[in-house]
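Structure at a glance
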Amino acid sequence: QVQLAESGGGLVQAGGSLRLSCAVSGSILRFYHMSWYHQAPGKQRELVAGITSGGYTNYADSVKDRFTISRDIAKNTMYLQMNSLKPEDTAVYYCAAVRYDTGTTYWGQGTQVTVSS
């Protein structure tokens with residue numbers, strides 16, 4: 001059974017930084033297209049950043065030049081480095097994994113990020 005476990009969320013002042021981690025267990029990270037999503041209260045879940053099984057990355061316009069997605073295959077872990085945080089980045093952040101061959105999707109439980117002004 002594939003499981004995703006996010007960590008690293010918390011409370012930070014505007015302009016600060018956080019690094020989120022998503023640890024994958026039960027399978028091998030490089031078999032998956034990995035993504036970070038966020039969901040603010042009363043809003044839909046939105047894609048923040050993604051990294052394909054081949055290592056290609058993409059970002060939402062709102063986080064380009066501030067956030068960096070990466071992965072450590074040896075540690076089976078994906079990361080999201082978030083710099084220059086803004087109050088509007090406040091949300092629950094979820095990691096998602098999509099198996100490259102079957103499309104099977106897995107979600108983590110989420111980690112809260114709160115940015116105070």
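Whatever comes next refers back to the structure up there.
As the structure is a prediction and not an experimental result, all values here were calculated from the model. (Residues numbered from 1 in each chain as written. Predicted model: local features only at pLDDT ≥ 70, side-chain atom pairs only at ≥ 80, totals over all residues. Heavy atoms only, no water.)

Moving on to the sheet that holds strand 7 (residues 67-72). Read from one edge to the other, the open sheet built from four strands follows the order 1-3-8-7, with strand pairing classed as antiparallel. Looking along the sheet, the strands with just one partner apiece sit at the ends: strand 1 (3-7) and strand 7. Adjacent strand axes in the sheet meet at a mean angle of 15°, parallel and antiparallel pairs treated alike. In the sheet, strand 3 (residues 18-25) pairs with strand 8 (residues 77-82) via six bridges, with the strands oriented antiparallel. Note on strand 8: the bridge partner recorded for serine 21 is tyrosine 79. (Pairing = 2+ DSSP bridges. Helix = DSSP H or I, 4+ residues; strand = E, 2+ residues; numbered from the N terminus. Axes fitted to C-alpha atoms, helices over the stretch in contact; angles between N-to-C directions.)

Tracing the sequence through the fold places glutamate 6 in strand 1. Buried and unpaired, glutamate 6 has no salt bridge, with arginine 45 as the nearest side chain of opposite charge at 7.4 Å. Among the polar contacts made by the side chain of glutamate 6, one reaches the main-chain amide nitrogen of glutamine 109 at a distance of 3.0 Å. Among residues more than four places away in sequence, those in contact with glutamate 6 are Ser21, Cys22, Trp36, Tyr93, Tyr94, Cys95, Gly108, Gln109, Gly110 and Thr111. (Buried < 20%, exposed > 50% of the residue type's maximum accessible area, 1.4 Å probe, protein only. Lys, Arg positive; Asp, Glu negative; His and termini not counted. Salt bridge = Lys/Arg side-chain N within 4 Å of Asp/Glu carboxyl O. Polar contact = N/O pair within 3.5 Å; in protein donor to acceptor, adjacent residues only side chain to side chain. Contact = heavy atoms within 4.5 Å.)

The next thing to look at is unusual backbone geometry. We note that asparagine 76 has phi near 55°; this positive angle belongs to a residue other than glycine. Looking at the secondary structure, you find asparagine 76 in the loop between strand 7 and strand 8. Look at asparagine 76 and you get buried, because its relative accessible area is 15%. Unusually for a residue other than glycine, serine 84 sits at a positive phi of about 50°. Locating serine 84 in the fold gives a position in the loop between strand 8 and strand 9 (91-99).

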